[in-house]
Structures are given as structure tokens and as C-alpha cells.
Amino acid sequence: MRDVLTIGTRASKLALVQTHMIRDALLAAHPGLTVAVEHITTRGDIILDRPLNAIGDKGLFVVEIEEAMRTGRVDLAVHSAKDLPSTLPPDMTLAACPRRADPRDALVAQPGLKLTTLPPGARVGTSSLRRMCQLRALRPDLVLVDLRGNVDTRLRKLREGQYDAIVLAAAGLKRLGLEDVITELLEPDVLIPAVGQGVIGVEARAGDDEVLRLLAPLDDQAARAAITAERAFLARIGGGCQVPVGALAHLEGDELLLHAMIGARDGRMVRGMQSGAASDPAGLGMALAEELLEAGGQALLAG
């Protein structure tokens, strides 16, 4: 066993909280192991003056950390799974998916306000085309404004009055101890979450058997099945930050249920649900993708 296992991570407060969760889980599973943390700045951390969809794909928060693994600077990477591309490079693998946290989106607004009671013309901040699409379908009277920066920055902009409300991932707020700022949890039948939302994705080199063995106890079967289906859906769609796409799967016994949507920026969308054997999550994801593409999703993507 190597003397030190080094985790590569972004330096945001949420990224570090999630990294320390993985570090603590590794130490609990392997007493005597030494785990170090290396901060890595990604392109997505540097470019903050443009919407995510105007910069590139989901690799914005990943590529530099993967390169650090290739050079041996770090041994594994901790990501929010929703930041990962639907297909990893052949020399990388999703080594562990710990138990999923709350996958829902959260509205943060003035106390007492909900999505249905925001006044007409209210300015709502989000950087997600998926959220914008679904919000436009539900409340076309809202003014949707791009919002970048870490969680603290986004909350500060809300307090300063730049926005009347913002939408964030509930899991991130809860992990940061900020659950009290949530004014409404948006159920999946209102806003279908991003692929992988609420899951911490631990990436490692595909051939590094020692690191993969150390990470194996951290993997949660339900989380793994769910995001395998969601990521297969996304891979078939070919979507990233530039396409309004959402998917959420969950286990019910031996059956996996997958809800998903494909949208356009103007609020048009197709939604659907399929269920299938938990033993073939990728097949379920691809089947629902085909159904939605044929039901109008392909035309939305082309537009």
C-alpha cells in the first residue's frame, strides 16, 4: 500500500466539504491510511463572467483534475457528479458513488415566498439551462438571469437585491449547513434535477487497482444504479451544459424508476418515465432517451 493517498479537488467551500467527507470515509474504512488533499483550479473556476453554456461542456470543472491524476500529482478526484461529462476518458473511471443526498432543487427567496407566489417579473438567478427551461414552462412571467459563482457568492448577490430568488441544489446547501436558507424544496414533478445531482462522484485512474480497491467500500448500490441510468440517458441525448436535460432515477425493490426531460431554452419540453430491472440501469437510460427523442426531443435539440 502506498504511504499517502492524495485527493484532487476544487478549492470551493462545497468541494472541500465533499472531499473531507470522502477522506473521512476512506479513513474509517482503512485505519492507518494517510489521506492528503490537493487543491486544483479548473477552467470553470476561472471564467466567471460568462454563462456556463457559453464556455464549454461539463469538463469545465474536471479536465485539470484528470490531468493531475495522469501525471501522478493526485490519486483520485472528488466531484459533484452532476459536473461530470456523461462519458469519461478511457483512462478514467467512476470508482465510487457514495449514498445519494437530497437530489432536489431548492428555491431561496424572501421568507414565505414559493415558486407559485413569486410576483410577476421577479428576477430569478440560475446558471442552469435545465432549470431555466422548466421555470419558463411553469412561470413564463419570471425574469430568468444568469448566476455564477460559489454558493456564498450567490447567496450574497441575493441578499444585495440583485435577484428576488435563486435556485440551487438542495444537497449542496445541506452539506454546507445552510438548510435554513431554503424557502422551498422543488419536487421532481416540478423541476426534474440534473443528472447525478446529490451524488458525490469519486474518479480514479482506470488501471489503478490499489486505489480502486480502497474506494470500493465507499460505493453505494442504489446511488450507482441510479446515476448509471441517468448518465446513460444523458450520453444518448448527447447533452451537457448547452442542452436543457434532466434525469432522476431511484430504486424501488429490484426495479429502477427513471424520470427525465429534454427541453429547449424557451420552455418547450418533453418529459417521460420508464421503469426497468435494476440490473440493467444503462439499458433503462438509453430506452427512455430513445422514447423522448422520438416524442419530440430530437426536434427540440435540433432547434
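Located above this text is the structure these notes cover.
Thresholds, definitions, all that
- Residues numbered from 1 in each chain as written.
- Predicted model: local features only at pLDDT ≥ 70, side-chain atom pairs only at ≥ 80, totals over all residues.
- Heavy atoms only, no water.
- Helix = DSSP H or I, 4+ residues; strand = E, 2+ residues; numbered from the N terminus.
- Rg over C-alpha atoms; globule rule 2.2 N^0.38 Å.
- Buried < 20%, exposed > 50% of the residue type's maximum accessible area, 1.4 Å probe, protein only.
- Contact = heavy atoms within 4.5 Å.
- Areas by Shrake-Rupley, 256 points an atom, 1.4 Å probe, with all protein chains shown as cover.
- Lys, Arg positive; Asp, Glu negative; His and termini not counted.
- Charge placed at Lys NZ, Arg CZ, Asp CG, Glu CD.
- Core = buried A, V, L, I, M, F, W, Y, C linked by side-chain atoms within 4.5 Å.
- Axes fitted to C-alpha atoms, helices over the stretch in contact; angles between N-to-C directions.
- Left-handed = near helix turned anticlockwise from the far one by under 90°.
- Nonpolar A, V, L, I, M, F, W, Y, C, P; charged D, E, K, R; others polar.
- Pairing = 2+ DSSP bridges.
- Phe/Tyr/Trp six-rings, centres within 6.5 Å; stacked < 30°, edge-to-face > 60°.
- Lys NZ or Arg CZ within 6 Å of the ring centre and 35° of its normal.
- Expected span 1.5 Å × (residues − 1).

Colleague: Is there a simple way to explain the overall build of the protein chain in this structure?
Modeller: Along its length, the protein chain carries nine helices and 13 strands. Computed over C-alpha atoms, the radius of gyration of the protein chain comes to 19 Å, within 12% of the 19 Å expected from 2.2 N^0.38 for 303 residues, which places it in the range of a compact globule. Its C-alpha atoms give the protein chain principal-axis dimensions of roughly 60 × 45 × 35 Å. Classification of the 303 residues of the protein chain by burial places 53% in the buried group. Considering only contacts in the protein chain between residues 6 or more positions apart, those separated by 24 or more positions represent 69%. Total accessible area on the protein chain is roughly 12,800 Å²; 51% of this is exposed by carbon and sulfur atoms. Across the protein chain, 34 positive and 39 negative side-chain charges occur, with their mean positions spaced 6 Å apart.

Colleague: Mind showing me how you'd approach the nonpolar core here?
Modeller: Membership of the largest hydrophobic core comes to 23 residues, with the highest contact counts inside it found for Phe233, Ile237, Leu258, Ile262 and Leu292. Only helix H8 (221–237), strand S11 (245–252), strand S12 (255–263) and helix H9 (281–302) provide two or more residues apiece to this core. If you look at the next biggest cluster of nonpolar residues, it comprises 17 residues, including Leu5, Leu76, Leu214 and Leu215.

Colleague: Would you mind showing me how to read the packing of H8 against H9 here?
Modeller: The geometry of H8 relative to H9 is characterised by a closest axis approach of 8 Å and an angle of 35° between their N-to-C directions. Remark: the crossing between H8 and H9 carries right-handed chirality. Judged by residue contacts, Ala225, Thr228, Ala229, Ala232, Phe233, Arg236 and Ile237 of H8 engage Pro281, Ala282, Gly285, Met286, Leu288, Ala289, Glu290, Leu292, Leu293 and Leu301 from H9. Grouping the constituent residues of the contact of H8 with H9 by class yields 13 nonpolar, two polar and two charged.

Colleague: Help me out: how do you make sense of the sheet that holds strand S10 (residues 200–205) in this one?
Modeller: Two modes of strand pairing occur in sheets, parallel and antiparallel, and in both the strands are linked by backbone hydrogen bonds. What the five strands build is an open sheet, ordered S2-S1-S3-S10-S4; its pairing is mixed. Here the strands that pair on one side only, and so sit at the sheet edges, are strand S2 (34–39) and strand S4 (92–96). Averaged over all adjacent pairs, the angle separating strand axes in this sheet is 35°, with direction ignored. Direction of pairing for strand S1 (residues 4–9) relative to S2: parallel, over a ladder of six bridges. The partner of Ile7 across the bridge, within S2, is Val37. Helix H1 (residues 13–29) rests against S1, S2, strand S3 (76–80) and S10 of the sheet, and its axis sits at about 160° to S1.

Colleague: What is the right way to look at the packing of aromatic side chains in this model?
Modeller: Following the criterion strictly, the structure yields zero aromatic pairs and no others. In this structure, Arg123 packs its charged tip against the face of Tyr163, placed 6.0 Å from the ring centre.

Colleague: Would you mind showing me how to read H9 here?
Modeller: Because the α-helix completes a turn every 3.6 residues, residues three or four places apart line up on one side. Here H9 contains 22 residues, and its C-alpha end-to-end distance of 27 Å is more than 12% below the 32 Å for a straight helix at 1.5 Å per residue. Those residues of H9 lying buried are Pro281, Leu284, Gly285, Leu288, Ala289, Leu292, Leu293, Gly297 and Leu300. Residues of H9 that are buried make contact with H8, S12 and strand S13 (269–277).

Colleague: I tried to follow the pairing of strand S5 (residues 105–109) on my own but got confused; where do I start?
Modeller: A regular strand places its side chains on the two faces of the sheet in alternate fashion. Buried residues dominate S5, accounting for five of its five residues. The alternating pattern of S5 places Asp105, Leu107 and Ala109 and Ala106 and Val108 on opposite faces, both of which are buried. Bridge count for S5 against strand S8 (residues 165–169) is five bridges, and the pairing is antiparallel. Within S8, the position partnered with Ala109 by the bridge is Ala165. As paired strands, S5 and strand S9 (residues 184–186) are joined by three bridges and run antiparallel to one another. By the bridge assignment, Ala106 is partnered in S9 with Leu185.

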